[in-house]
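As a plain string of letters, each chain reads:
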Amino acid sequence: MRIEEIKLENFEVKYPLDRIAPLEKILFLDIETTGFTAKGSNLYLIGAAYYREGCWRIQQWFAQKYEEEKSIMEAFFSFASSFTHLIHFNGNNFDLPFLMQKCSLYHLPYNFDAYEGIDLYRRISPYKFFLNVANCKQKTLEALLGIEREDKYSGGDLIGVYHNYVNQQSDEGLNLLLLHNSDDIKGMLQIVPLLAYHDLFNDKLKAKKVQANSYQDYHGNDRHVLLMKIKLPEALPHPVSVMSNGCYFNAENDEGTIKVPIYDEELKYFYSNYKDYYYLPTEDLAMHKAVASYVDKEHRVQATASTCYTRKYSSYLPQWDILVEPFFKREYKSKELFFELTDEIKKNRGLFSAYASHILNKMVQI
């Protein structure tokens, strides 16, 4: 077994990991194998990054022979025992299950139950639409942030290199294998700032400024939009610009702007207890029976769920779940929901902070 340690001089993770845990308690993990299943392939390298004495370091446990995979696992788990948080990239699908299967094969008593796990892939991939990338593979995300690698190989490319190394023990092969793993780990450290997109959708936003603007569209029609300036939980490592459901969002660093259409029209508020109402066809509205009993019978009918409404012309904002009540619709079966932009709501900065999150979460669902 060979153990390598690399000190990353002048290296900074540009994300406040100490929000998750003390830096000294966080361990990054990446493994290298000759296949996808523990029974049919070899584990030959375990790499980890950790923070000690004011800098980030990488430690690698390398099996110089096939028979040393048990030894590198024992050495790794002994080293990892002092950490509480484990960060990896797609490790929930590969690295952790693979290691657990190997532990089972060797009857080793280790597991990851005591660790708080963070899978970077799982936290970042839901926001692929916002990142405007074809996929969320680690190298794709590294390219998005302009991260350059010295390593030019994939894990699959290096399977043959490892088998050759076991037979020939060449320095060239060893260096290629160690470099690929260390670049994977450094890449993980460098894409950690992409967690800011997870924070954007899962932490509270703060509406700094809210105002209504007017403009003329391409056809010369007057349009109104709500403009919200928001403070983001963390600075984004890459600017975003997205349009969805008639809304527009752009952000850079720790500030963002959301534009939402304001609808100036007549909408309907539907009463849920329609059995207590009459519908007045001539007036095209519903009236409670306590009042409508004075209306001539020929001018009223029993209201149904679809006719039990009152109409109101006002300014409205869209909502996709019921965030604000009362909510309005164009028709009973319409799935589009709106709430009235009242003077009281205009002054409610906390509501607009929640509304900003409401809009962004709808955008990411497409």
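Keep in mind that what you see is a predicted model, and the values were worked out from it rather than measured. Every residue gets a number counted from 1 within its own chain, in the order that chain's sequence is written. In keeping with the model being predicted, local features are shown solely for residues with a pLDDT of at least 70 and side-chain atom pairs are shown and tallied solely at 80 or more, while totals for entire chains, interfaces and linings include all residues. Note: side-chain values were computed over all heavy atoms of the structure, leaving out hydrogens and water.

*Asks:* Quick rundown of the sheet that holds strand 10 (residues 277-280)? Include the residues and the values.
*Replies:* Within the open sheet, the three strands sit side by side as 11-10-12. Their pairing is antiparallel. The open sheet terminates on both sides in strands that have one partner only, identified here as strand 11 (285-288) and strand 12 (301-302). With two bridges joining them, strand 10 and strand 12 adopt antiparallel strand pairing. When the bridges of strand 12 are listed, Tyr279 appears paired with Val301. Here a strand pair is declared whenever DSSP counts at least two bridges between the two strands. Numbering of helices and strands starts at the N terminus; helices are DSSP runs of H or I of at least 4 residues and strands are runs of E of at least 2.

*Asks:* Help me get a handle on the packing of helix 1 (residues 69-80) against helix 2 (residues 95-106), residues and values and all.
*Replies:* Axis geometry follows a simple rule: fit a line to the C-alpha atoms, using only the stretch in contact for helices, then measure angles between N-to-C directions, giving values from 0 to 180 degrees. Their axes nearest at 11 Å, the elements helix 1 and helix 2 cross at an angle of 115 degrees. Where helix 1 crosses over helix 2, the handedness of that crossing is left-handed. Touching Glu69, Lys70, Met73 and Phe77 of helix 1 are Leu99, Met100, Lys102, Cys103 and Tyr106, all from helix 2. When grouped by side-chain class, the residues that make up the contact of helix 1 with helix 2 number six nonpolar, no polar and three charged. By convention the crossing between two helices is left-handed if the near helix lies anticlockwise of the far one by an angle smaller than a right angle, and right-handed if it lies clockwise. It only takes one pair of heavy atoms within 4.5 Å for two residues to be counted as in contact. Under this grouping Gly is polar, as are all residues other than the nonpolar Ala, Val, Leu, Ile, Met, Phe, Trp, Tyr, Cys and Pro and the charged Asp, Glu, Lys and Arg.

*Asks:* If you had to explain the environment of Asp276 to someone new, which residues and values would you point to?
*Replies:* For Asp276, the location among the structural elements is in the loop between strand 9 (247-270) and strand 10. Note on classification: 1.4 Å probe, protein chains only; a residue is buried when its accessible area is under 20% of the maximum for its type, exposed when over 50%, partly exposed between these limits. With relative accessibility at 35%, the residue Asp276 sits in the partly exposed group. Along the chain, Asp276 and Gln302 lie 26 residues apart, while their C-alpha atoms are 8.6 Å from each other. Beyond its immediate sequence surroundings of up to four residues, Asp276 is in contact with Met287, His288 and Lys289.

*Asks:* Before we move on, can you summarise the environment of Pro326 with the specific residues and values?
*Replies:* On the secondary structure map, Pro326 appears in the loop between strand 13 (309-319) and strand 14 (337-340). When the C-alpha atoms of Pro326 and Ser244 are compared, they prove to be 24 Å apart, with 82 residues separating the residues in sequence. Setting aside anything within four residues of it in sequence, one finds Pro326 in contact with Tyr269, Phe338 and Phe339.

*Asks:* Break down the side chain of Gln319 for me, with residues and values.
*Replies:* Within the secondary structure, Gln319 sits in strand 13. Any N or O atom pair separated by 3.5 Å or less is treated as a polar contact, with the protein-specific requirement of one donor-capable and one acceptor-capable atom, and with residues adjacent in sequence counted only for side-chain atom pairs. In this structure the side chain of Gln319 is engaged in a polar contact, spanning 2.9 Å, whose partner is the backbone nitrogen of Leu323. At a separation of 3.4 Å, a polar atom in the side chain of Gln319 contacts the main-chain carbonyl oxygen of Phe338. Apart from residues no more than four positions distant in its own chain, Gln319 is found in contact with Val324, Phe327, Leu337, Phe338, Phe339 and His358.

*Asks:* Tell me about the pairing of strand 5 (residues 85-88), residues and numbers included.
*Replies:* Every second residue of strand 5 is oriented toward a common face, with His85 and Ile87 on one face and Leu86 and His88 on the other, all of them buried. Examined bridge by bridge, strand 2 (residues 26-33) and strand 5 share three bridges and lie parallel to one another. Among the inter-strand pairings, Phe28 is bridged to a residue of strand 5, identified as Ile87. Taken together, the four bridges between strand 5 and strand 6 (residues 116-119) define a ladder with parallel strand orientation. Opposite Leu86, over in strand 6, you have Gly117 as the bridge partner. The handedness rule is simple: strands pointing away from the viewer, and a clockwise path from the first strand over the helix to the second, make the crossover right-handed. Handedness of the strand 5-helix 2-strand 6 crossover: right-handed.

*Asks:* How would you explain the packing of helix 6 (residues 159-168) against helix 7 (residues 171-191) if you had to name every residue and give the values?
*Replies:* Put simply, helix 6 and helix 7 touch, their axes get as near as 9 Å, and they point 140 degrees apart. In terms of their interaxial angle, helix 6 and helix 7 are classed as oblique. The element helix 6 and its partner helix 7 pack so that their crossing is left-handed. Each of Val161, Tyr162 and Tyr165 in helix 6 lies in contact with helix 7, whose residues at this interface are Gly173, Leu174, Leu176 and Leu177. Each residue belonging to the contact of helix 6 with helix 7 can be placed in one class, and the counts come to six nonpolar, one polar and no charged. Should an angle fall under 35 degrees it is taken as roughly parallel, and over 145 as roughly antiparallel, whereas 65 to 115 is taken as roughly perpendicular and any remaining angle as oblique.

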